[in-house]
Amino acid sequence: MQVFAKVAETGSFAEAARQLHMSPPAVTRAVASLEDLIGTRLLIRTTRSVKLTEAGGRYFEDCRRILAEISEAEAAAAGSYATPTGMLSITASVVFGEIYILPILMEFLDLYPAVTARALFLDRVTNIVDEGIDIAIRIGHLPDSSFAAVRVGTVRRVVCGSPAYFEAHGMPRSPADLANHRIIAATSAFSALDWRFDKDEKTAVTVSPRLYCSTYEGVVAAAMQGWGLARPLSYQIGPALLAGDLLTVLSDHEPEPLPIHIIHPEGRRASAKVRAFVDFAADRLRANTLIN
């Protein structure tokens, strides 16, 4: 399994052999023996590349999870839970992960050379147990679960625009004024056209966007260029706010902020790498004024 996983990761028998300090024929024999044992083809070999079959792709994901669990078991038996080691899998939404989590993760890896990380930045809710993920950063109210959760900040739903837009079109003073402004919206399922305001969210304004973008990155880019007003989550425009490229309006009418948590499975003893990263990331996220 280790040999097969290395071939799948590198896409090359020769490179896998080099990294494993094995001969290429030995690597080829190991994978062939594994395919014979399982009874199905895992890799498609050509003169130029090595690709996973559909069955091979599923098996590769299972291999990574099983090998990680073996590594954890060996570390526990050796009493090395005091030192962070092994593969650490972390998930977060795309923009939050790239802006806020990735710098923390790189700093953590510099501090702990024995740790290797896999960052899964996805705009969907992952099943961290089934997908073999150690830690997830969640934005929003958490459902009841057996997971351990550490609150590290909050985000707000904000209306924003560029200084140039406000100079040309003025600032809305109340949610009702949005009817007189150009609106930019995302086409995702999470982008409602009923914009709710105030702490109890009873005030609602139905907006009629003139520009739709398939991503929030596109929405923010259009707002920064002065075309209209957008309503992203505050973390999505943090750097632009610091740079003065965007300004927020209607702050007195914002709904209650949404919490940010770091969560990880409870009911099993957390490894040193999980405990260390949770503490490390919590300190840095709580110190970030853009989400606190």
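## Topic: the sheet that holds strand 5 (residues 135-139)
- The strand order across the open sheet built from five strands is 4-3-5-13-6, with neighbouring strands paired in mixed fashion. Among the strands making up the open sheet, the edge pair consists of strand 4 (115-121) and strand 6 (148-155). Looking at each pair of strands side by side, their axes are set apart by 20 degrees on average, direction ignored.
- Relative to strand 13 (residues 258-264), strand 5 runs antiparallel, the two being bridged by four bridges. Bridge assignment links Ala136 to a residue of strand 13, and that residue is Ile263.

## Regarding the pattern of salt bridges
- Taken as a whole and judged by the stated rule, the model has 10 salt bridges.
- The partner of Arg284 in a salt bridge is Glu107, with the nearest N and O atoms 3.2 Å apart. Here the residue Arg284 occupies a position in helix 9 (residues 272-286), and Glu107 occupies one in helix 5 (residues 94-111), the gap between them amounting to 177 residues.
- What makes Arg284 partly exposed here is its relative accessible area of 33%.
- Taking the shortest distance from any N to any O, the salt bridge between Glu254 and Arg156 comes out at 2.9 Å. Taken together, the positions of Glu254 in the loop between strand 12 (247-249) and strand 13 and Arg156 in the loop between strand 6 and strand 7 (159-161) put the pair 98 residues apart, joining distant regions of the chain.
- You can call Glu254 buried: its relative accessible area is 8%.
- The network of salt bridges with shared partners includes Asp62, Arg65 and Glu69.

## Quick look at unusual backbone geometry
- Phi is positive for His21, which is not a glycine, with a value near 60 degrees.
- Tracing the chain through its elements places His21 in the loop between helix 2 (13-20) and helix 3 (24-38).
- Of the residues examined, His21 reaches a relative accessible area of 75% and is grouped as exposed.
- For Leu250, which is not a glycine, the phi torsion comes out positive at approximately 60 degrees.
- Assessed through its relative accessible area of 7%, Leu250 is described here as buried.

## Overview of the pairing of strand 4
- As defined by bridge partners, strand 3 (residues 86-92) adjoins strand 4 across seven bridges and the pair is classed as parallel. Along strand 4, the bridge assignment pairs Ala92 with Phe121.
- For the handedness criterion, the β-α-β arrangement of strand 3, helix 5 and strand 4 is classed as right-handed.

## Quick word on the confidence of the model for the protein chain
- For the protein chain, mean pLDDT is 90; residues scoring 70 or higher make up 94% of the total.
- Helix 4 (residues 54-77) is the least confidently modelled element of the protein chain, averaging 84 in pLDDT, while strand 7 averages 97, the highest of any element.

Rules used in this analysis
Residues numbered from 1 in each chain as written. Predicted model: local features only at pLDDT ≥ 70, side-chain atom pairs only at ≥ 80, totals over all residues. Heavy atoms only, no water. Pairing = 2+ DSSP bridges. Helix = DSSP H or I, 4+ residues; strand = E, 2+ residues; numbered from the N terminus. Axes fitted to C-alpha atoms, helices over the stretch in contact; angles between N-to-C directions. Salt bridge = Lys/Arg side-chain N within 4 Å of Asp/Glu carboxyl O. Buried < 20%, exposed > 50% of the residue type's maximum accessible area, 1.4 Å probe, protein only. Right-handed = clockwise from strand over helix to strand, strands pointing away. pLDDT = per-residue confidence, 0-100.

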